[in-house]
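Architecture and fold: a report
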Amino acid sequence: MAILIKNIKNLLQVEKEIRLLVKGSEMRELRTIKDSWLFIDKGLIEDFGEMAGLDEPSYYKEYHDLQIIDAGARMVMPAFVDSHTHLVYPASREIEYIDKIKGLSYEDIAKRGGGILNTARKMQEIPEDVLFEESLGRLDEIAALGTGAVEIKSGYGLTLESELKMLRVIKKLKQVSPLTIKANFLGAHSIPMEYRGRQGDYVDLIINEMIPHVAEGNLADFIDVFCDKGFFTVKDTERILEAGAKYGMRGKIHANELDYSGGVQAGVKYNALSVDHLEYVGDEEIEALLKSDTMPTVLPGAAFFLGMIYAPARKMIDAGLPLALASDFNPGSSPSGNMQLILSMASILYKLLPEEAINATTINTAYAMGISDKLGSIAKGKIANIIITKEIPTYEYLPYYYGANKVDTMILNGKVFIPQY
Ligand code: NIG
Ligand code: FE
């Protein structure tokens, strides 16, 4: 099925030459074509240009099943790429959230066996098919809000069986969903109660048992560690990243959310694809990142929801770094996978310009998933994961008009997406 979208008010994030990421002052640029068209065939972006140059009859002649979409006053942009989520989870945690409102911190809750461990207990009990169905529903929800590709982590299992259960669900989601999905093995998300005081033994279990099984089942593209105060140390992190690398799993890690943990430097040392959270980032971390191929990724939803300090995103871009922004969709610290909200938070809380925010949620998050050659911009040959917006006056309106859904139609893999769940 081929699709011709015509009369596009503004086609956003177009590229002649595919770039794998944008950094520093380049992030202020957003290439656009006003009054334009876009042609999609066999799931890919085939061509685009100005309306004045469109030879419409030739498309009618050549493609008998051609679907025409008249965009009218609507804009077209690449779908969001959400490079950091935990959207496979067994239950929400709104009761804990009330404890947070009453004054308990994320760390207090974790210490008393709540938080990630609370979710891990429920993960043991939930049947695999129920976990799958609920996760599929969440994929539908985020796709309707503009997301076309998503990374999903394990990490609520914390036993071999339960981690494998989560990863099998992610594998099945990859098979049935029109979204592009990457799996990240996060066995080192929290230290199970029975390993408290002998954390090294749990790290041994991850390295000696979990990683080989995950690799054998081809269940993960990446490997993750929560490297932070009260969770995993730099030494633990390095051991796990090294073990993962032996099986071709590149690191994408949680770092510096709760303190200057050394996680950023550990990630860079092991050539992680991304280091994520980054509330605690100073000159040393910026220096390390400038010399690396690692994408710094900020998660505004978590900082907002937990009332934490905000990562120095402005300073990082001004220092010449690239920056990605993802949702961190999870039941504890960011119960939302709405990337439109992330776009608004980028502007409101982190002082990013709309162009920077759009680059940070499309091309740079695609880099942070290792797929920026295929997604994250409007370029010939890329996968046709596209947003057609509602009628909006300007693209600056996208972060400005916060909280509302500005997506009219989603095209995923070259087909109009209709939510099923
Ligand atoms: O990215 N920081 C670590 N992990 C998640 C939180 C997971 C949870 O609380 O369930 C995060 O914020
Ligand atoms: Fe996370």
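Please read all numbers here as calculations on a predicted model, not as lab measurements.

It is worth spelling out the pattern of salt bridges at this point. Counted under the stated rule, the structure contains 23 salt bridges. Between Lys153 and Glu151 there is a salt bridge, with the nearest N and O atoms lying 2.7 Å from each other. Residue classification places Glu151 among the buried positions, given a relative accessible area of 0%. Salt-bridge contacts for Glu356 lead to Arg314; the nearest nitrogen and oxygen are separated by 2.8 Å. On the criterion of sequence distance, the pair formed by Glu356 in helix H14 (residues 354-361) and Arg314 in helix H12 (residues 313-318) is long-range, its members being 42 residues apart. One salt-bridge network, in which partners are shared between bridges, spans Glu15, Arg19 and Lys382.

Counting residues in hydrophobic clusters, the biggest one holds 102 residues, and the most contacted among them are Val88, Leu139, Ile152, Leu173, Phe185, Ile240 and Leu323. When residues in this core are grouped by element, the largest group, 7 residues, is from helix H7 (residues 199-216). Looking at which domains feed residues into this core, each of domain 1 (3-78 + 376-416) and domain 2 (80-367) gives three or more. Of all hydrophobic cores here, the second largest spans 18 residues; its members include Ile8, Val14, Leu38 and Ile388.

As a further point, take the coordination of the iron ion (ligand 2). Looking at the metal site, the iron ion (ligand 2) is ligated by His84 (NE2), His86 (NE2), His254 (NE2) and Asp328 (OD), spaced 2.1 to 2.3 Å from it. Counting along the primary sequence, the residues that act as donors to the iron ion (ligand 2) give the motif H-x1-H-x167-H-x73-D. In terms of burial, His84 and His86 fall into one category: buried.

All right, on to a nonpolar patch on the surface then. A cluster of nonpolar side chains, contributed by Tyr97, Ile98 and Ile101, occupies part of the molecular surface with about 270 Å² of accessible area. Turning to its location among the elements, Ile101 is positioned in helix H2 (residues 94-101).

Turning our attention to the sheet that holds strand E12 (residues 295-298). By definition, the strands of a sheet pair up through backbone hydrogen bonds, in either a parallel or an antiparallel sense. The 8 strands are arranged E6-E7-E8-E9-E10-E11-E12-E13 in an open sheet whose pairing can be described as parallel. On the outer flanks of this sheet lie strand E6 (80-82) and strand E13 (324-325), each paired with one strand and no other. On the sheet, helix H6 (residues 160-176) packs against strand E7 (147-153) and strand E8 (180-188) and is oriented at approximately 175 degrees with respect to E8. Contacting E8, strand E9 (222-227) and strand E10 (250-255), helix H8 (residues 234-246) runs over the sheet at an angle of about 175 degrees to E9.

The next thing to look at is the domain arrangement of the protein. As far as domains go, the protein holds domain 1 (3-78 + 376-416) and domain 2 (80-367). Here the C-alpha centre of domain 2 lies 30 Å away from the C-alpha centre of domain 1. Counting residues at the interface gives 32 residues for domain 1, matched by 36 residues for domain 2. Here domain 1 and domain 2 share an interface that buries about 2700 Å² over both sides, 64% of which is from carbon and sulfur atoms. Contact with domain 2 buries surface across domain 1, with Met27, Arg28 and Pro399 losing the most and accounting together for 23% of the total. There are 0 salt bridges connecting domain 1 and domain 2. Linking domain 1 with domain 2 are 14 residue pairs in polar contact (both at pLDDT 80 or more), by the criterion used here. Mapped onto the side of domain 1 that touches domain 2, the elements with two or more residues apiece are strand E5 (74-78), helix H16 (397-400) and strand E15 (407-412). With 3 residues, E15 is the single largest residue contributor to the side of domain 1 that touches domain 2. In terms of residue class, the side of domain 1 that touches domain 2 is made up of 17 nonpolar, 7 polar and 8 charged.

As a matter of local geometry, ligand 1 sits amid 15 residues, with Tyr106, Tyr156, His189, Glu257 and Ser333 nearest to it. Between His86 and ligand 1, the recorded distance is 3.3 Å, taken from a side-chain N or O atom to an oxygen atom. Within the side chain of His277, an N or O atom sits 2.9 Å from an oxygen atom of ligand 1. For the shell around ligand 1, the per-class residue count stands at 4 nonpolar, 8 polar and 3 charged.

Looking now at the packing of aromatic side chains. Aromatic ring pairs are described here by two measures, namely the spacing of the ring centres and the angle between the planes. Applying the stated criterion to the full structure yields 13 aromatic pairs. Aromatic pair Tyr59 and Tyr63: ring centres 6.3 Å apart, planes at 25 degrees, arrangement stacked. What makes Tyr59 buried here is its relative accessible area of 13%. Aromatic pair Tyr89 and Phe329: ring centres 6.2 Å apart, planes at 75 degrees, arrangement edge-to-face. Highlighted residues: Tyr89 in the loop between E6 and H2 and Phe329 in the loop between E13 and helix H13 (339-350), separated in sequence by 240 residues. Every member of this aromatic cluster is reached through a ring pair, and the members are Trp37, Phe39, Tyr59 and Tyr63. When the ring centre of Tyr89 is taken as origin, the NZ or CZ atom of Arg138, which lies over that ring, is 3.6 Å away. A cation sits over an aromatic face here: Lys252 above Phe222, 5.9 Å from the ring centre.

Where helix H4 (residues 116-125) contacts H6, the axes come no closer than 10 Å and their chain directions differ by 80 degrees. As judged from the angle between their axes, H4 and H6 are roughly perpendicular. In contact with Met123, Gln124 and Glu125 of H4, H6 contributes Ser162, Lys165 and Met166. Grouping the constituent residues of the contact of H4 with H6 by class yields 2 nonpolar, 2 polar and 2 charged.

Let's shift gears to unusual backbone geometry. Unlike most non-glycine residues, Asn271 shows phi in positive territory, near 55 degrees. Look at Asn271 and you get partly exposed, because its relative accessible area is 37%. Backbone geometry at Asn413 places phi at a positive 50 degrees, although glycine is not the residue there. Examined against the element boundaries, Asn413 turns out to sit in the loop between E15 and strand E16 (415-416).

About the criteria used
Residues numbered from 1 in each chain as written. Chains lettered and ligands numbered in written order. Predicted model: local features only at pLDDT ≥ 70, side-chain atom pairs only at ≥ 80, totals over all residues. Heavy atoms only, no water. Salt bridge = Lys/Arg side-chain N within 4 Å of Asp/Glu carboxyl O. Buried < 20%, exposed > 50% of the residue type's maximum accessible area, 1.4 Å probe, protein only. Helix = DSSP H or I, 4+ residues; strand = E, 2+ residues; numbered from the N terminus. Core = buried A, V, L, I, M, F, W, Y, C linked by side-chain atoms within 4.5 Å. Domains from an automatic or database assignment. Donors = N, O, S within 2.8 Å, 3.2 Å for Na, K, Ca; no water. Patch = residues over 30% accessible without salt bridge, like charges linked within 9 Å, V, L, I, M, F, W, Y side chains within 5 Å. Areas by Shrake-Rupley, 256 points an atom, 1.4 Å probe, with all protein chains shown as cover. Pairing = 2+ DSSP bridges. Contact = heavy atoms within 4.5 Å. Axes fitted to C-alpha atoms, helices over the stretch in contact; angles between N-to-C directions. Buried area = accessible area lost by both parts, 1.4 Å probe. Polar contact = N/O pair within 3.5 Å; in protein donor to acceptor, adjacent residues only side chain to side chain. Nonpolar A, V, L, I, M, F, W, Y, C, P; charged D, E, K, R; others polar. Near = heavy atom within 4 Å. Phe/Tyr/Trp six-rings, centres within 6.5 Å; stacked < 30°, edge-to-face > 60°. Lys NZ or Arg CZ within 6 Å of the ring centre and 35° of its normal. Parallel < 35°, antiparallel > 145°, perpendicular 65-115°, else oblique.

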